[in-house]
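Geometric and topological summary
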Amino acid sequence: MTSKIHSDNLFQTVEALLPQALHRDRHAISRELALLGKKFKSKKPDTPAREKLIAMKRRLERSAGIKKKRINRLPESTSIPDLPISYEKDRIVKLVSENQVVIVAGETGSGKTTQLPKFCLAAGRGIEGRIACTQPRRIAAITVAGRIAEEMGQQAGQSVGYKIRFSDKLSEETVIKMVTDGTLLAETQTDKYLNEYDTIIVDEAHERSLNIDFLLGIIKQLLKKRPDLKLIITSATIDTEKFSKAFFNAPVVDVSGRTYPVDLQYMPPESLTEDSNDYSYVDHSVQTVERIMRKSPFGDILVFMPTEQDIRETCEILEANRTPGTIVLPLYARLSAPAQSRVFKPAAGRKIIVATNIAETSITIPGIKYVIDTGLARISNYIPSSRTTALPISPISRSSADQRKGRCGRVENGVCIRLYSEENYQSRPLYTPPEILRANLAEVILRMIALNLGDIENFEFVDPPPARQIRDGFNILYELDAIEKGTAKGKSSPAGVRLTQKGRMMAKMPLDPRLSRMLIEARKNDVLWIVCTIAAALTVPDPRIRPDGSETQANQAHARFVDPASDFITLYNIWRALLGDPAANGVNNVSAKQLKQFAAHSFISFRRMREWIDVYDQIRSIIEESGMSPGNQTPPPVDESMSEGKNKGFPMLYTAIHKSILSGFLANIAEKKEKNLYRGANQREAMLFPGSGVFNRGGSWIVAGEIVETSRRFARTVANIDSAWLEPLGKSLCRYSYFNPVWQKSRETVIAQEQVSLYGLIIQSGRPVNFGKIDPETAS
Ligand code: CDP
Ligand code: MG
């Protein structure tokens, strides 16, 4: 009897504690309590149940303690700097209190990122759960956390903290948590309802990366299940209607505020062709910087470049001719955090910052007077015909160009120089399409399955991808052996698929799945870094150039790279000639001067070669971050091993490299029909591309890196392969049939001939298969 009363009290005590606890614990414990209550409705709780109740009580008390601590540690008042958004504070606080979703638009530098989390606090948020504020880039998450903490009279890690991949600065008292969007996505795997938070700010939503679109879709679902959750979407551009429509017609606040006039100048280069080796946008930018310096001694300069390699080269040239009193600073995402933060610190002299589009909206650099815009960025783009993702340097959209222009003129009049013509600007699209519409859907699906986002057709995308592309994406993933039919029906579309072990590894690499599949195989075959140079080459244009009038010389210069069996090896030979063995060398430190010399006497495009190195570096760091890096083991150099350890006529290293390539491009195999004419998957014919080193030398089987349709179908970037490599790689896609069964009396078994086909091509035939003993009774 006594024990019953005691337990009842315990039930009540735990129930009474619930409102004082943080949302996340309240949520977890009320569910447990409901279960326990149901079980012990009519009978008295047993000892394990009582122990459970005591544990719940302790957890709630601790939770209430943390909540109190968070409130107590908040400063009485925090400084609100004089920024455009500050004038809208009351309005925004009211809107946040009264609406589940609010959209805030405003120019970069108007104070959205630094002030909104504090406005949320003022609206009473951040107590039941934390306020999360997502950033597309790590550096922004770290510096903004520091900045907000400073405005609150604290240091990062107290009321304001951050969490990025591999590092965080948080404590129990943290109420504002800056996170990268990737980190918040990862958190949805362990905290499905994001119960840690009562408010989520999705910052920089105009970037529309896959991460942002996934988050918006997930949170949209959550908002229905968690009426207490608030969402604030911020965006730099004017395309806010789209967000409002997608989020139940949420109210939009514009905080753009006042800016100073910007003098806009168009300065296209005299002549700049694709193949020009001697004058590039780097030189053009450097000259523009120097002209500004001659004209006026004051005002920081921000130069926008498409790639890291460009930035390094520009800085190199600027450093070499540096005038005293100037500081040249690079800025790109992979730069170390301390090196990046130098751009924010006041300097004794004039700052020249050379940046990627990281400085376009996500980072505010104070005091820029001049902007020099090359009008270029690396923008990934899926090419359905070749079913691969290219990473070309492309013209940016008009709205991006306008953002770049807006980087000056925040505190005084500015000058923006566009290194292209006004007609060129006018001919550009208004917006960059969101990543989901540019990406290989196979990559999107792969990540969605890894994140358990459920049925892709039913996911709440702001811009849903077309159904046909979704089907195509699934087919690619089957082909790459990244997914298999699962038992859990309906968990992911269609009809329940799950990731294979390879698929799980591939999902960790933000790359086109064909490339990640190749790299996984290459690692297994001990040729990771070689295949990494080839994978990078497949995403950028061919670096070889044949200027009009010098075709013969160019061909002669290229001849020394050509491998008669494989265009992939030819590409690798170009790489090796300039950069050496990629497994032996970690980082590529080739100087612009070396690169220029090499380009000039080898008829290689300096720019494309630099793009190639840049993409290689990116892929390499993705591999290193995904934990797949094997360390710098050195494989034998190509030449020696090419001649020994032959595998059916193919050297060992050749075999290892091409098996890896095949794992990503299995659908691009073809069988010889006649000289230079091949029959590919589903009986479609393709000619060897006449520019290929394999032209006139094609073996009975080839693989192509690309099949292009111009005047006719051409297989480009091809290599001879052994058809015996195909079956193990395409196991699940192979079809098996049997012919000529023969009863072998002496062994009392049936022997038949097996035929293996892949994509309608017979890759193996005549292999005898023993069907085993047959019981004469049933055999008739
Ligand atoms: O997010 P939004 O672009 O609207 O502006 P913000 O990042 O909140 O920046 C508002 C102001 O704070 C800018 O004028 C920046 O110069 C300044 N700021 C800073 O000095 N240091 C930081 N780490 C972040 C912002
Ligand atoms: Mg911002």
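Within any chain, residue numbers begin from 1 and follow the written order of that chain's sequence. Labels are handed out in written order, letters beginning with A for the chains and numbers beginning with 1 for the ligands. Only residues with pLDDT of at least 70 are given local features in this predicted model, and only at 80 or more are side-chain atom pairs given and counted; all residues enter the totals for whole chains, interfaces and linings. No hydrogens and no water enter the side-chain calculation; it runs on all heavy atoms of the structure.

A negative phi angle characterises most non-glycine residues, just as the trans form characterises most peptide bonds. With a phi angle near 60 degrees, Glu-204 is a residue other than glycine that sits in the positive phi range. Here Glu-204 is to be found in the loop between β6 (197-202) and α8 (210-225). Categorising residues by exposure relies on relative accessible area from a 1.4 Å probe, with only protein chains included: less than 20% of the type maximum marks a residue as buried, more than 50% marks it as exposed, and the intermediate range marks it as partly exposed. On the accessibility criterion, Glu-204 (4% relative accessible area) is buried. If you check the backbone angles, Asn-696 has positive phi at about 70 degrees while not being a glycine. By definition, any uninterrupted DSSP run of H or I lasting at least four residues is a helix, any uninterrupted run of E lasting at least two residues is a strand, and each is numbered from the N terminus.

Strands qualify as paired when DSSP identifies two bridges or more between them. Pairing is mixed in the closed barrel, where five strands are placed in the order β21-β22-β23-β25-β24. Each strand axis lies, on average, 50 degrees off the axis of its neighbour in the sheet, ignoring direction. In this analysis an axis means a line fitted to C-alpha atoms, helices contributing only their contacting stretch, and an angle means the value between N-to-C directions, from 0 to 180 degrees.

Where charged atoms from two side chains of opposite charge come close, those side chains can pair. Note on definitions: salt bridges are taken to be side-chain nitrogens of Lys or Arg within 4 Å of carboxyl oxygens of Asp or Glu. Applying the stated criterion across every chain, the model contains 51 salt bridges. Here Lys-177 and Glu-187 are joined by a salt bridge, their closest N and O atoms 2.9 Å apart. Within this pair, whereas Lys-177 is found in strand β5 (residues 176-180), its partner Glu-187 is found in helix α7 (residues 181-187), the two being separated by 10 residues in sequence. Take Lys-177 and Glu-187: they sit in the same class, and that class is buried. Salt-bridge contacts for Asp-463 lead to Lys-242; the nearest nitrogen and oxygen are separated by 3.1 Å. You can see Asp-463 sitting in the loop between α16 (441-450) and α17 (467-479) and its partner Lys-242 sitting in helix α9 (residues 240-246), a full 221 residues away along the chain. Owing to a relative accessible area of 32%, Lys-242 belongs among the partly exposed residues under this scheme. Counted as one network, the salt bridges with shared partners bring together Arg-130, Lys-163, Lys-177, Glu-187 and Glu-196.

Looking now at the sheet that holds strand β18 (residues 414-418). With respect to topology, six strands assemble into an open sheet ordered β9-β18-β13-β10-β12-β11, the strand pairing being parallel. Each end of this open sheet is capped by a strand with a single partner; those strands are β9 (262-266) and β11 (326-331). The mean inter-strand angle of the sheet, taken between neighbouring strand axes irrespective of direction, is 15 degrees. Here strand β10 (residues 300-304) runs beside strand β13 (residues 368-373); their pairing, made up of five bridges, is parallel. Pairing of Val-303 across the sheet is with Ile-372, part of β13. Contacts from helix α13 (residues 398-405) reach β9, β10, β13 and β18 within the one sheet, and its direction differs from that of β18 by about 140 degrees. By definition, residues are in contact when any of their heavy atoms lie within 4.5 Å.

This part covers the packing of aromatic side chains. The rule is short: rings of Phe, Tyr and Trp, with Trp giving its six-membered ring, pair when the centres are within 6.5 Å, and they are stacked under 30 degrees, edge-to-face over 60, tilted in between. Counted according to the given criterion, the structure contains 12 aromatic pairs. When the ring of Phe-214 is compared with that of Phe-459, the centres are 6.4 Å apart and the planes differ by 85 degrees; the resulting orientation is edge-to-face. Placement of Phe-214 in helix α8 and of Phe-459 in the loop between α16 and α17 is noted, with a sequence separation of 245 residues between them. For the pair Phe-214 and Phe-459, one class covers both residues: buried. Between Phe-247 and Phe-248 the ring centres are 6.3 Å apart and the planes differ by 85 degrees, which places this aromatic pair in the edge-to-face class. Its relative accessible area of 2% is what places Phe-247 among the buried residues.

Such coordinate-based values are descriptive only and should not be taken to indicate function.
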